[in-house]
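Breakdown of the fold
Chain by chain, the residues:
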Amino acid sequence: MSSDSLFVVIATLVVIGSSFIFAVMAGKRSRRNTDDWNIGGRNLPLYVIVGTQFASAMGGGVIVGQVGNAYDNGISMIYYGLFASLPFIAFILIGKWIRSQEFETIPDMIAHLSGGNKYARIIAAALTIVVPFGWLISNLVAFAKMYTQITGISLNILIIVMTLLSLLFVMPAGMKTVAWTDFFFATIMGLSCVLVIGYCISEGATLDNINSTLPKEFTDFSASTRQLGWGTIVTWFIACLPGGMTNQMYFQRVCALDSVKKVNRSLIISAIALFIAFAWSCYIGNAIHYMNADLAGENATGWLLTVMPVVLIAIFASLISATIMSTISSAVQSIVVNCTHDIYKTFRPNSDEKKLLKLSRILSAVTLAIAAFLGINNPEVLNWVVNTYAYSAAGLCVPMYVGFYLYKKERVTPKGLIASMVSGICGCVVAQILNTSIPFVVIGIVTSFVVLIIVSLVTRSKNFGMSL
């Protein structure tokens, strides 16, 4: 390892160490109960919620996967950014209601819509885990892909190192720790992104130079759209919008806000902030392509980190690592809450607080170990994100949003919700195996919708339904 690489590694460890101290301080301020672990005590201010929403979304998928996407596909990558931002707007449909009901998880909502049916809760918990698990794996891989180019250390070792470090962040106090560290990282990350733009411009990667140098398929929106293909664009839309609408990490942060009145404002600001982050990725990906046209897309960010001045590399690399770590911690926390709150407590409702907190920490370690194993064996960042979004959308989107609407009309039943979730996943799997021309997630969602309507109609009782 060169002296420059060693400097970058030391700077990264300093930032991670400092942020860990911050996490411990946040943990000491918590009440150390499941309410703080699961939902941050429901007293997090607006600026912290926006920061944690942004930081959770702005992980390795954006910094590595989407920069690589822009490198490969040019300006048409911004479609992905738009679609990924829209779920925050969609959450406005249910945001104030879920906060007022004091839910903690998506399965809480599904259980409420199904009249407390435990099978609906457990199935919803299994489906909810899918998206944060995909985010967890993709961010472990993203970190490793960047640092392997800087340090020369193997991808697998770096995944294991990040796994161990990330465990420190979720241990102190769950959501409260994660949310406050997210806010801290989001603030610093924004400043770091500005510095990287400045470097790219100093290397000649201005918009004029990029537009005049790269092929039109990268810089002209119409040509780039044709090159990408409407099939890919539709697939992104179906994966990002419904998948994001069923992302429990977003859902939990709405529930953690200190006031129902602030819900819509927090969601709109979060959507704008995330779209700006994707616009940054779009520019950086094209700027890297301008500077070096001979890279594999997902190595673009890693290459940039090898050519910048060492001080800038150290700043940017360490802050990227911290942001990725924060996103990983958010995903782990979300998964563990599903396991303890929605599955374990369903079978053992009288479990005491200390036992649940201990179990949460054990499951955090187990979850990270499984994710590291899967990431080592399939290190494709964007594929993990897209596929997990698709399966979550197929199983949960219709029960959450159509089910919510039918619930108000007293036209949804527990059997209808359960059948909808199961059939959505089955339709998705069958379509993917058959390699249908229609995106498999579309078939899953349509199947889920049809089954929800039919089964609810057949099994509906005049006495079923509760007022909102």
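These notes cover the structure that comes with them. Note that the coordinates shown come from a computational prediction; the quantities given were computed from them, not determined experimentally.

Some words on the overall build of the protein
A count of helices and strands for the protein gives 23 helices and zero strands. Taking 468 residues into account, the globule formula puts the C-alpha radius of gyration at 23 Å, and the protein, at 22 Å, falls close to it. For the protein, the spread of C-alpha atoms along the three principal axes comes to 70 × 50 × 40 Å. Looking at the protein as a whole, 59% of its 468 residues qualify as buried. Within the protein, contacts between residues separated by at least 24 positions form 86% of all contacts whose residues are at least 6 apart in sequence. Surface exposure of the protein reaches about 18,000 Å², of which carbon and sulfur atoms provide 66%.

A look at the packing of aromatic side chains
This structure, assessed with the given rule, holds twelve aromatic pairs. Taken together, a centroid distance of 6.1 Å and an interplanar angle of 35° make the contact between Tyr79 and Phe83 tilted. In this pair, Tyr79 and Phe83 both sit in helix H5 (residues 78-90), four residues apart, roughly one turn of the helix. Both residues of the pair, Tyr79 and Phe83, count as buried.

As for the pattern of salt bridges
The tally for this structure, following the rule as stated, stands at three salt bridges. Among the ionic pairs, Asp342 bridges to Arg121, the shortest N-O distance being 2.7 Å. Of this pair, Asp342 sits in helix H19 (residues 310-347) while Arg121 sits in helix H8 (residues 118-128), placing them 221 residues apart in sequence. For the pair Asp342 and Arg121, one class covers both residues: buried. Lys262 is the salt-bridge partner of Asp258, the closest N and O atoms lying 3.3 Å from each other.

With respect to the environment of Trp97
In this fold, Trp97 is placed in helix H6 (residues 95-100). Sequence spacing of Trp97 and Val260 is 163 residues, and the spatial spacing of their C-alpha atoms is 8.4 Å.

Points about the packing of H8 against H19
The contact between H8 and H19 brings their axes to 10 Å, and the two run at 155°. Regarding the angle of H8 to H19, the classification is roughly antiparallel. Crossing of H8 against H19: the hand is left-handed. Residues Lys118, Arg121, Ile122, Ala125 and Thr128 of H8 form the contact with H19, whose participating residues are Asn338, His341, Asp342, Ile343, Thr346 and Phe347. Taken together, the residues that form the contact of H8 with H19 break down as four nonpolar, four polar and three charged.

Let's talk about a nonpolar patch on the surface
Side chains of Val446, Phe449, Val450, Ile453, Ile454, Leu457 and Val458 sit close together on the surface and give an oily, nonpolar patch of about 630 Å² of accessible area. Inspection of the secondary structure puts Val446 in helix H23 (residues 440-459). Residue class for Val446 comes out partly exposed when judged on its relative accessible area of 47%.

Concerning unusual backbone geometry
Across the chain, the bulk of peptide bonds are trans and the bulk of non-glycine residues have phi less than zero. A positive phi angle, near 60°, is found at Glu102, a position not held by glycine. The phi angle at Asn435 is positive, at roughly 55°, despite the residue not being glycine. You can see Asn435 is positioned in the loop between helix H22 (414-434) and H23. Taking the relative accessible area as the measure of exposure, Asn435 reaches 67% and is therefore exposed.

As for the environment of Ile233
Relative to the helices and strands, Ile233 is located in helix H15 (residues 230-245). The class for Ile233 is buried, based on a relative accessible area of 3%. The residues contacting Ile233, other than those within four sequence positions of it, are Tyr79, Phe83, Thr225 and Leu228.

Topic: helix H16 (residues 248-256)
Extensive coverage of H16 is indicated by the burial of nine of its nine residues. When H16 is considered as a whole, its buried residues turn out to be Gln248, Met249, Tyr250, Phe251, Gln252, Arg253, Val254, Cys255 and Ala256. You can read the cap of H16 off the contacts: a side-chain oxygen lies 2.9 Å from the backbone nitrogen of Met249, and it is on Asn247.

Observations concerning the side chain of Ser270
Secondary-structure assignment places Ser270 in helix H17 (residues 263-291). Note on Ser270: relative accessible area 1%, which makes it buried. There is a polar contact of 2.7 Å between the side chain of Ser270 and the backbone oxygen of Ser266. Apart from residues lying up to four places away in sequence, Ser270 is in contact with Val50, Gln53 and Phe88.

Procedures and definitions
- Residues numbered from 1 in each chain as written.
- Predicted model: local features only at pLDDT ≥ 70, side-chain atom pairs only at ≥ 80, totals over all residues.
- Heavy atoms only, no water.
- Helix = DSSP H or I, 4+ residues; strand = E, 2+ residues; numbered from the N terminus.
- Rg over C-alpha atoms; globule rule 2.2 N^0.38 Å.
- Buried < 20%, exposed > 50% of the residue type's maximum accessible area, 1.4 Å probe, protein only.
- Contact = heavy atoms within 4.5 Å.
- Areas by Shrake-Rupley, 256 points an atom, 1.4 Å probe, with all protein chains shown as cover.
- Phe/Tyr/Trp six-rings, centres within 6.5 Å; stacked < 30°, edge-to-face > 60°.
- Salt bridge = Lys/Arg side-chain N within 4 Å of Asp/Glu carboxyl O.
- Axes fitted to C-alpha atoms, helices over the stretch in contact; angles between N-to-C directions.
- Parallel < 35°, antiparallel > 145°, perpendicular 65-115°, else oblique.
- Left-handed = near helix turned anticlockwise from the far one by under 90°.
- Nonpolar A, V, L, I, M, F, W, Y, C, P; charged D, E, K, R; others polar.
- Patch = residues over 30% accessible without salt bridge, like charges linked within 9 Å, V, L, I, M, F, W, Y side chains within 5 Å.
- Polar contact = N/O pair within 3.5 Å; in protein donor to acceptor, adjacent residues only side chain to side chain.

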